Amino acid sequence: MRDIESRKEPLLEVHDLRVEFRGRAGRKRFTALERVSLDVRAGEAVGLVGESGSGKSTLGRAILGLVEPSSGSIRLGGREITNLRTRDRRALASELQVVFQDPYGSLNPGLRVGDILAEPLIASRDSAAQARAEVLDALERVHLPADAIDRYPHEFSGGQRQRVAIARAIIRRPRLIICDEALSALDLTTQSHIIDLLLELQAETGVAYLFISHDLSVVRRLCHRVAVLRRGEMVEFGEGAAVTSRPTDPYTQALLDAAPVPDPAVQRARRAARLDAA
Amino acid sequence: MNAPTTELLLTRRQHKDSALHRLLRNPLAVISAVIVLVIALLVVFADLFTSISPTATDLSNALQGPSLAHPLGTDEIGRDIWSRLLHGGRLTLAGAALVLAISLVVGGASGLLAGYFAGPIDTVSSWAASLMMALPALVVLLALRAVVGPSILIIMAVFGLLISPMIHQLVRSTVRDVAAEPFVEAAKVSGLSDARILGRHLLRAVRAPLIIQAMMVAGMAVGVQAALNFLGLGSGTVTWGGMLADSFALVYTAPQLMLWPALFLGLMTASLIVLGNALRDALDPRGAPPRVRGRRALLAEVHDTGHGGSLEEVGDEAFLDVRNLTVEYPDPHGGALAVVRGVSLSVREGEVVGLVGESGSGKSQIAFSIAGLLPEVARISGGSIRFRGQQLVGLSRRQARRVLTDGIAYVPQDPIPNLDPSFTIGFQLTEPLRVVRGFSRAAARERAIELLGAVRINDPEKVMRSYPHEISGGMAQRVLIAGALSMDPVLLIADEPTTALDVTVQAEVLDLLRSLQQTRGLAMLLVTHDLGVAADICDRVVVLHQGAVVEAGQIDEVYAAPRAEYTRGLLASTLAEADPREAYESPEGKVVRDA
């Protein structure tokens, strides 16, 4: 285990972040995120919820260095990582990893699973034997068979591919994994298996998650704290149980009411309430 | 969720095999590879296969037929054709190799860098590529010949440079697409250097298209070189093009002289192109999609299996009645894979039935079968679909189309791709009314505006003038629902109509569907993976698993007391009732509470 630098300092600290996208010629700038502040503590899972266009993925990409913030700061383990030089950003791979939504697009279809998983190890300059041992260990931790190492992504189901993507994220034993809609493309039963896996890995390794999702019920199950974004601004940030069942913000409440639950009686009551309100 | 499943069915391969194995299984590939190889070997080791000099003349033996001394005979001044053919190929192949090497190195490298880094590198190299493409290649080559003299290798090197923009553009556009893929971003996050990412992910992605393009370029180079030599613009030594030019003069007296150089040139060029195609197929690990044998009717013949697999007895009032439906896709080994297996279900007038299941359950395939939208390769191999008493299975495409426009409408999952980006919403709504229903332009427009009002679009006039990219996803789905209503259907098949939408928009669209259903007395078959969506809108629900019905019944009953183990598992895995995560415990073991 790594030592914890400072007890006061959270693992990830985003302060007053602003991200602007340059419009195409003639179009005005588009502000994707404004005045967003957020923190993730070591070993914690923080949910980031919002609808499309809320900027939730942009925040994840800014932390990963895939988009450049216009202002504000992002600190990881007490160290400023906003606008890092390329070399320093690469070195961050051992601490910060990602799992993307699309289990089809996030794995190169032309590479074997073993090569995909060994990718983060290239930068760490492991020997071939060492890398193989690490890959087998990662496969075991995500409960995939060892013979997966010689197979191609298209031989796996969506849930298994997402396990491969998770194995790639944990292989360097990072302290923070950004999960960008990591469950959204999966079936319900597969989703709950992957949630269990994420919880298990967190208990084993103490990794922290920033879990980006449009689904409040997933976030409620997985996250200690939840932040809600709307049109680039944060409307609520607090304890997961509270935000996902007794939100203080009307927008969060609207999101909660709009998500259908598998209970016909509840849905009938909600529909009646919606019609009354209209 | 439908597209990937269906795609998997078409491309999945059961057994592992290498690119080489796949190549060797393709007879055309083997034949063309052998031809290229044999010609190349004959040419490179020409001295082993003939001892006669290609330039030795023997006027006393001119225009001889094949003999032991001269296997292919002699030409008009007694030179050995076999020897000339072998030696003449040397310059041709060397020239082609030079063109290939230069165009690949220059075009490939600049395309790779331009596509990956974009920005100024892209701007400058694309500008240079456009400039070079604008140059008339043949004129440049002719001018060059005047300056440097008849050196065919220098001319071919310049030709390689001139066609490198072709390679540049191919590589650039492929790399640009691939660079946007999440696996490239994951590689960046993994700390890989740009050089590694280029070599590992991007070079691999361009490999297949590059190989086929390279074979084309090689074929072209052989052709251009022959043409230049034919025109007498090449070097003075023996070449295939030169042989063609010599024999052309004697085309009436000794046409056989033309045969051999033409044959070698043709075989070489054609084999290169065939080989390029075969290599591309072999390099794609998913392989080529299985070939469909013959065209199949949209809906196959009626084949009632008769055995009562139905879980539900349906009375006469059912106006959509599906019995023992089986849908098959071809698998790569020539067999068939059933994705829907003996499914029976029914929809009564004005009823909303949910078709619920996970991916691979066959729910969309059932919807496609009823709406006549099954892809060409799929086949209804058994069962019946009756709509208002009429059998739909076995109808011709045209007959099926008529039944469908007269009663069944379809709302797809992802609204934006289902609208044509190059036409206005107004055009896309009025066109079917005018063509199918024979409305006048004005009447169609009036009807379209009325329909947009019915789907609660506030400013229908403005939406009519908009293009699909100018409206939101929720708006687009309303437009598609309006389009579905325009034919006055009695049955609406909605395939995951809200899956691509945000939850707040989803709630609005579900409310809209519910109110349309009630005011118009529509029956609805709703395909969904979301048990909450089904709970919101359905009267009855059919639960599917791996192509078969596991349970069907009134939604309140099924949800309250599911009979099938599978349904119980499905309901249990929903997170709506799940416990929230327990409070955060810091690594020191102390519970930290937020203020």
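Everything that follows concerns the structure shown earlier in this document.
Just so it is clear, the model here is predicted, and its values are computed rather than measured.

Q: Pulling in residues and values, what's your account of helix α7 (residues 137-148) of chain B?
A: Between its first and last C-alpha atoms α7 of chain B spans 16 Å; for twelve residues at 1.5 Å apiece the expected length is 16 Å, and the two agree. Backbone geometry just downstream of α7 of chain B places G149 of chain B in the positive-phi region, at approximately 85 degrees.

Q: Now, about empty space enclosed by the protein: what can you tell me, with residues and values included?
A: Evaluation of the coordinates by the stated rule reveals three cavities of 30 Å³ or more. Estimated volume of the largest cavity: approximately 80 Å³. Lining the largest cavity are D75, E76, I81, R84, M243, D246, S247 and L257 of chain B. Contributing elements (two or more residues each) for the lining of the largest cavity: α5 (81-117) and α11 (240-248) of chain B. Counting residues per element, the lining of the largest cavity draws most heavily on α11 of chain B, at three residues. Class assignment for the residues of the lining of the largest cavity results in three nonpolar, one polar and four charged. Together, D257, A258, P260, Q267, R270 and R274 of chain A together with Q506, A507, L510 and D536 of chain B line the second largest cavity. Those elements that provide at least two residues to the lining of the second largest cavity are α9 (250-258) and α10 (264-277) of chain A together with α19 (503-520) of chain B.

Q: Requested: an account of the nonpolar core, with residues and values cited.
A: In terms of nonpolar packing, the biggest core is built from 57 residues, with Y116, L202 and W240 of chain B touching the most fellow members. For this core, the secondary structure elements donating two or more residues are α3 (27-44), α5, α7, α8 (152-179), α9 (182-189), α10 (194-230), α11 and α12 (256-283) of chain B. With 13 residues, the top contributor of residues to this core is α10 of chain B. The residues contacting W240 of chain B, other than those within four sequence positions of it, are I39, V43, L85, G88, G89, T92, P261, F264 and L265 of chain B. Membership of the second largest hydrophobic core comes to 56 residues, among which are A167, L222, V243 and L255 of chain A.

Q: Tell me about the sheet that holds strand β9 (residues 540-545) of chain B, residues and numbers included.
A: Residues and elements named next belong to chain B. Read across the open sheet, the six strands follow the order β6-β7-β8-β3-β9-β10; overall the sheet is mixed. At either end of the open sheet lies a strand with only one pairing partner, and these are β6 (408-411) and β10 (548-554). Adjacent strand axes in the sheet meet at a mean angle of 15 degrees, parallel and antiparallel pairs treated alike. Where strand β3 (residues 352-356) lies against strand β8 (residues 523-528), five bridges are found, and the strand directions are parallel. By the bridge assignment for β8, V352 is matched with M524. On top of the sheet, helix α18 (residues 473-485) reaches β6 and β7 (491-495); it is set at about 170 degrees to β6, its chief contact. In the packing of helix α22 (residues 565-572) onto the sheet, contacts are made with β3, β9 and β10, and the angle to β9 comes to roughly 100 degrees.

Rules of the game
Residues numbered from 1 in each chain as written. Chains lettered and ligands numbered in written order. Predicted model: local features only at pLDDT ≥ 70, side-chain atom pairs only at ≥ 80, totals over all residues. Heavy atoms only, no water. Helix = DSSP H or I, 4+ residues; strand = E, 2+ residues; numbered from the N terminus. Expected span 1.5 Å × (residues − 1). 1 Å grid on protein atoms, 1.4 Å probe; cavity = no way out; pocket = protein on both sides within 12 Å on 5 of 7 lines; lining within 4 Å. Points joined across faces, edges and corners; volume = space filled by probe spheres on them. Nonpolar A, V, L, I, M, F, W, Y, C, P; charged D, E, K, R; others polar. Core = buried A, V, L, I, M, F, W, Y, C linked by side-chain atoms within 4.5 Å. Buried < 20%, exposed > 50% of the residue type's maximum accessible area, 1.4 Å probe, protein only. Contact = heavy atoms within 4.5 Å. Pairing = 2+ DSSP bridges. Axes fitted to C-alpha atoms, helices over the stretch in contact; angles between N-to-C directions.

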